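The lines below spell out each chain.
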Amino acid sequence: MYVRHLEIRDLRAFRSAAVDLLYPGREQDAAFEEVVRWPVRLPNVNVFLGNNGSGKSTLLDAVALALISPLVSSSGYRPQSLIRRASRGKVDTAEMAVDLVLHEQDGRADGDLARLAARVERRGAIEFLNPMSSVILDRYFEEKDSSFFFVGYGASRRAEALSANDLATRRRARAVRYERVSTLFEDHLALVPLNAWLPGWAIENPGRHKQVVTLLNKLLPPGVTFTGELEAGEYLYNFRSLVVPYTALSDGYRAYLSWVGDLLYHLCMGAPSGSKLVDSRGVIMVDEIDLHIHPAWQRSIIPTLSRTLKNMQFIFTTHSPLVVSTIERANIYNVEMGPRATPKVSRPAQETFGLSADQILRSDVFGLDSTRDPEFAEKLRTLSRAAEQGESGAALAFLRSASAGGGEPPPEPSAVPDWFQKFSDRS
Amino acid sequence: MIRHQPPLARADLEARIDARAPAWRAEAAKRTATFLTAGRFAEPNGSIWSDIKPVYMQLQYNKCIYCERVLGAELTGKAEHDVEHFRPKGQVKTWPYASRKPSVSYDFPTGTPNKTGYYWLAYDIENYACSCKGCNSDRKRDYFPILGPRAAAPTDIVSLNKAEQPLLLFPSGTIGDDPARFITFLGVVAQVHPAAKGVDRLRAQVTIDFFSLNDREELLADRARVIRELASKMRQLQDKDPAWRAAAQQDLEQILSDASPQAACARAYAELVKTDVQKAWEIYQDVQRYLSPGPRRPR
Ligand SMILES: [Zn+2]
């Protein structure tokens, strides 16, 4: 299953919006007719680009809500503040709809189309999400196969110690399809860490286990490898010349492994035995893909995901110019504040692929003109503000790329060397 | 931004000025008297504050008082320094102004404009500091944001500081502020010090915004160089040769001293190495890459 098209009305800050999404094998139809180079380099990648609070996350949420709508009443999801607050007049409903392309994996013929729509209504202080579609999707209501596969990861995602028991409890509280997107809606919900499920597969299904190890290693940035070995219940990683447990990896790696591990878990659970995991189709949504990610790694993260899981459709949000330099115009939607205090969604007018971060900032993607100062300063400010909130390296990353141009290969992460550590230990 | 140690009391500053220009204070007093009579600042025959500029340059180790950029020394670079009036002498304009880039806005008042400024402080030696053109001519100009109402004229600086709340930090002299309590750095980025609360927080934020401490590429580059320099000395501290180690220790102390460029940033980074070695290392790697663009050198 892939999502072809999304429409929303009166959802959070949006009055209305419509976007067409890329997915593997999409024909160059009317929605993409002005794209010069087809197929695009990364034909399965969609990025919503915008500042914090621009509404880009709402677009991800809308896709997820439309997708869970058929089972929402028994999913464990509770709608909250979905309907737009109008300054004038009263808005009592919101709507979202997705057009889907289905496959054999979903129990339909490859290329079948379907539409899932939902309406949010307000009664008193409470909002209700009601499915509006009448299509019959039998396999949708199965929980144990790979049909209608979609996952979504919110910005507060994290993985933490979770036992098999915990997993069972979670399953009782939330329907699987909702659980797979629940971090988009619930803060600080734990994802399923690798060590909660992968060890068992080493014995039960060594073939599948090997696939997971290989996949993980393809998905990790240079300099880090997954050993597949456990020590005191934690998986070990090669980090340069060191062997370190998961818990000793820096924030960026853990943040990434948390959702990638959870994704592989859900992928493994559904995929029929004997099938290759990379053949699975589905939709993967990640809010703020650059979260905690080292600046250099931001340049490779999307191409790596796209090429490794080439049958998956990706929908990301980001505010990082480094991420944007690795994709093309057709992959991007700008989300920015438009007139009447409502977000506006549009494709950038200019090509972005291969530009340096500096060039991208000056291109219309970020809305800056070619005189570097003071617009440059304005953007730098956004980055320094990000750095003030803990995204260390944000301002530097930008500066470096502005001076280095776009062609710089991603540097390898490295461990703290002895001499540096010694100074730290000095009293 | 740092406060140079030890901060001078008014009498010490007067002594230094007298040593440099014996007649200056008498002349300044005469001119101030005419401003007081006129109720405004007017200087038809040119000002004389540049005559004592070297006193401040020396106090500040030839660095800008606000951004800690190193400027020229007395013989060669006097023109790079502006004598900065902390409280504007001629008029006070509204800040932030609408066309300012990058734009800033606050949910608290930043003071009302007026046409006469703090005219009675035009020749007050405790109202002076040396600053770079970027901080003074491009940014400071006739602005002086304060929280709440402006004090009535004419009042001396100590009373003024009690009667009105400046939003900018002034890190000079015993009457000034110690920026280390307000602003710290994470890598090259200036941040509000976590220990600063209430009005102190606002002052730190406004000062960072006002002087664009995080938006000026030249400042970020300076800080990056200082961090690289610091790290190279840290490495040298582990050298086999004791003489080499001793030299490193000396350099290290120099880098963290008041006299060095971006000393506040250097101090914060040295502290970060001790409290969060991993983050400090990542920042160092960023700094390395920023300072050596193009193909990366093997480390
Ligand atoms: Zn300056």
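Predicted model, so just to flag it, every value in this text is computed and none were measured. (Residues numbered from 1 in each chain as written. Chains lettered and ligands numbered in written order. Predicted model: local features only at pLDDT ≥ 70, side-chain atom pairs only at ≥ 80, totals over all residues. Heavy atoms only, no water.)

1. Describing the overall build of chain A
Within chain A one finds 12 helices and 16 strands. With 427 residues in all, chain A has 57% of them scored as buried. Working note: accessible area of chain A is about 17,400 Å², and carbon and sulfur atoms make up 49% of it. (Helix = DSSP H or I, 4+ residues; strand = E, 2+ residues; numbered from the N terminus. Buried < 20%, exposed > 50% of the residue type's maximum accessible area, 1.4 Å probe, protein only. Areas by Shrake-Rupley, 256 points an atom, 1.4 Å probe, with all protein chains shown as cover.)

2. With respect to the overall build of chain B
Secondary structure assignment for chain B yields 11 helices and 6 strands. Within the span of chain B, comprising 299 residues, buried residues form 53% of the whole. Sequence separation of at least 24 residues holds for 70% of the intrachain contacts in chain B that already meet a minimum separation of 6. Accessible surface for chain B amounts to roughly 12,900 Å². Of this, 52% is attributable to carbon and sulfur atoms. (Contact = heavy atoms within 4.5 Å.)

3. Some remarks on the confidence of the model for chain A
All names here are of chain A. A residue-level look at chain A finds 84% of positions with pLDDT of 70 or above and a mean pLDDT of 84. Ranking the elements of chain A by mean pLDDT puts helix H11 (residues 394-404) last with 52 and strand S13 (residues 282-286) first with 98. Here residues 367-376 is a poorly scored stretch, pLDDT under 50, and it has 18 contacts once near neighbours within four places are set aside; other chains count. Confidence drops under a pLDDT of 50 for residues 401-410, and excluding neighbours within four residues, the segment shows 23 contacts in the predicted structure. (pLDDT = per-residue confidence, 0-100.)

4. Description of the coordination of the zinc ion
Residue and element names in this part refer to chain B. All of the protein donors around the zinc ion are Cys64 (SG), Cys67 (SG), Cys132 (SG) and Cys135 (SG); their distances to the metal are 2.2 to 2.4 Å. One way to put it: the 4 donor atoms around the zinc ion meet at angles of 104 to 115°, and that makes the site tetrahedral. For the zinc ion, all donor residues lie on one chain, and their spacing in sequence is C-x2-C-x64-C-x2-C. Note that Cys67 is positioned in the loop between helix H3 (53-59) and helix H4 (74-77) and Cys135 in the loop between strand S2 (128-131) and helix H5 (136-140), a separation of 68 residues in sequence. (Donors = N, O, S within 2.8 Å, 3.2 Å for Na, K, Ca; no water. Tetrahedral: all angles 85-135°; square planar, octahedral: opposite > 155°, others 65-115°.)

5. Considerations on the sheet that holds strand S14 (residues 312-318) of chain A
All names here are of chain A. Read from one edge to the other, the open sheet built from 6 strands follows the order S7-S13-S14-S3-S15-S16, with strand pairing classed as mixed. Since the sheet does not close on itself, it has two edges, and those belong to strand S7 (150-153) and strand S16 (343-346), each with one partner. The average undirected angle you get between the axes of adjacent strands in this sheet is 15°. In this sheet, S16 lies alongside strand S15 (residues 332-337) in antiparallel orientation, the contact comprising 4 bridges. The partner of Asn334 across the bridge, within S16, is Ser346. Relative to S14, helix H1 (residues 56-68) is tilted by about 145°, and along the sheet it contacts strand S3 (45-49), S7, S13, S14, S15 and S16. Against the sheet, helix H7 (residues 295-308) contacts S3 and S14, and its axis sits at roughly 165° relative to S14. (Pairing = 2+ DSSP bridges. Axes fitted to C-alpha atoms, helices over the stretch in contact; angles between N-to-C directions.)

6. Observations concerning the pairing of strand S6 (residues 189-192) of chain B
Taken residue by residue, a regular strand's side chains alternate between the two faces of the sheet. Residues and elements named next belong to chain B. Burial along S6 is two-sided: the residues Val189 and Gln191 and Ala190 and Val192 are all buried. Across 4 bridges, strand S5 (residues 183-186) lies against S6 in antiparallel orientation. Following the sheet pairing, Thr184 is matched in S6 by Gln191. Adjacent in sequence and paired antiparallel, S5 and S6 are bridged by 2 residues, among which Gly187 carries a positive phi angle near 60°.

7. What to know about the sheet that holds strand S10 (residues 224-231) of chain A
Residues and elements named next belong to chain A. Strand order across the open sheet formed by 3 strands is S10-S11-S12, with antiparallel pairing between neighbours. The open sheet is flanked by S10 and strand S12 (242-245), the only strands paired with a single partner. Direction aside, the axes of adjacent strands within the sheet are offset by 30° on average. One ladder, built from 5 bridges, connects S10 with strand S11 (residues 234-239); its direction is antiparallel. Across the sheet, the residue bridging to Val224 is Phe239, located in S11.

8. Brief notes about the environment of Leu147(B)
Residue and element names in this part refer to chain B. Assignment of secondary structure puts Leu147 in strand S3 (residues 146-147). Classification of Leu147 by relative accessible area gives partly exposed; the value is 23%. Taking C-alpha positions, Leu147 is 5.9 Å from Pro109, a pair spaced 38 residues apart along the chain. Not counting residues up to four positions away in its chain, the partners in contact with Leu147 are Phe108, Pro109, Gln165, Leu167, Val199 and Leu202.

9. Quick look at the pattern of salt bridges
Here the structure, examined in full by the defined rule, presents 39 salt bridges over all chains. Across the salt bridge formed by Glu7(A) and Arg115(A), the nearest N and O atoms sit 3.6 Å from each other. Of the two residues, Glu7(A) is situated in strand S1 (residues 2-9) and Arg115(A) in strand S5 (residues 113-123); the sequence distance between them amounts to 108 residues. The exposure class assigned to Glu7(A) is partly exposed, which follows from its relative accessible area of 33%. Taking the relative accessible area as the measure of exposure, Arg115(A) reaches 35% and is therefore partly exposed. Several salt bridges share partner residues, and in doing so they unite Arg10(B), Glu14(B), Asp18(B), Arg25(B), Asp124(B) and Glu126(B) into one network. (Salt bridge = Lys/Arg side-chain N within 4 Å of Asp/Glu carboxyl O.)

10. Re the pairing of strand S6 (residues 126-131) of chain A
All names here are of chain A. Here S5 pairs with S6 via 6 bridges, running antiparallel. Across the sheet, residue Glu121 finds its bridge partner in S6, namely Phe128. In this structure, the hairpin formed by S5 and S6 is closed by a connection of 2 residues, where Gly124 is found at a positive phi of approximately 60°.

11. Description of the side chain of Arg177(A)
All names here are of chain A. Within the secondary structure, Arg177 is located in helix H3 (residues 176-179). Within polar-contact distance, the side chain of Arg177 engages the backbone oxygen of Glu142 at 3.0 Å. A polar contact of 2.9 Å, which involves the side chain of Arg177, links it to the backbone oxygen of Phe148. When neighbours within four sequence positions are excluded, Arg177 is seen to be in contact with Ile68, Leu71, Arg139, Tyr140, Glu142, Ser147, Phe148 and Phe150. (Polar contact = N/O pair within 3.5 Å; in protein donor to acceptor, adjacent residues only side chain to side chain.)

12. Focus: the confidence of the model for chain B
Per-residue confidence for chain B gives a mean pLDDT of 91; residues scoring 70 or more make up 97%. In the predicted structure, residues 294-299 of chain B sits below a pLDDT of 50 and forms 11 contacts with residues beyond four places in sequence or in another chain.

13. Here's the deal with helix H12 (residues 418-425) of chain A
Buried residues of H12(A): Trp419(A), Phe420(A), Phe423(A) and Ser424(A), and no others. Viewed end-on, H12(A) has its buried residues packed into an arc of 145°, placing them on one side of the element. Those residues of H12(A) that are exposed and angled more than 90 degrees off the buried face are Asp418(A) and Asp425(A). On its buried face, H12(A) sits against helix H8 (217-236), helix H9 (242-255), helix H10 (263-275) and helix H11 (277-291) of chain B. (Arc of directions from axis to C-beta.)

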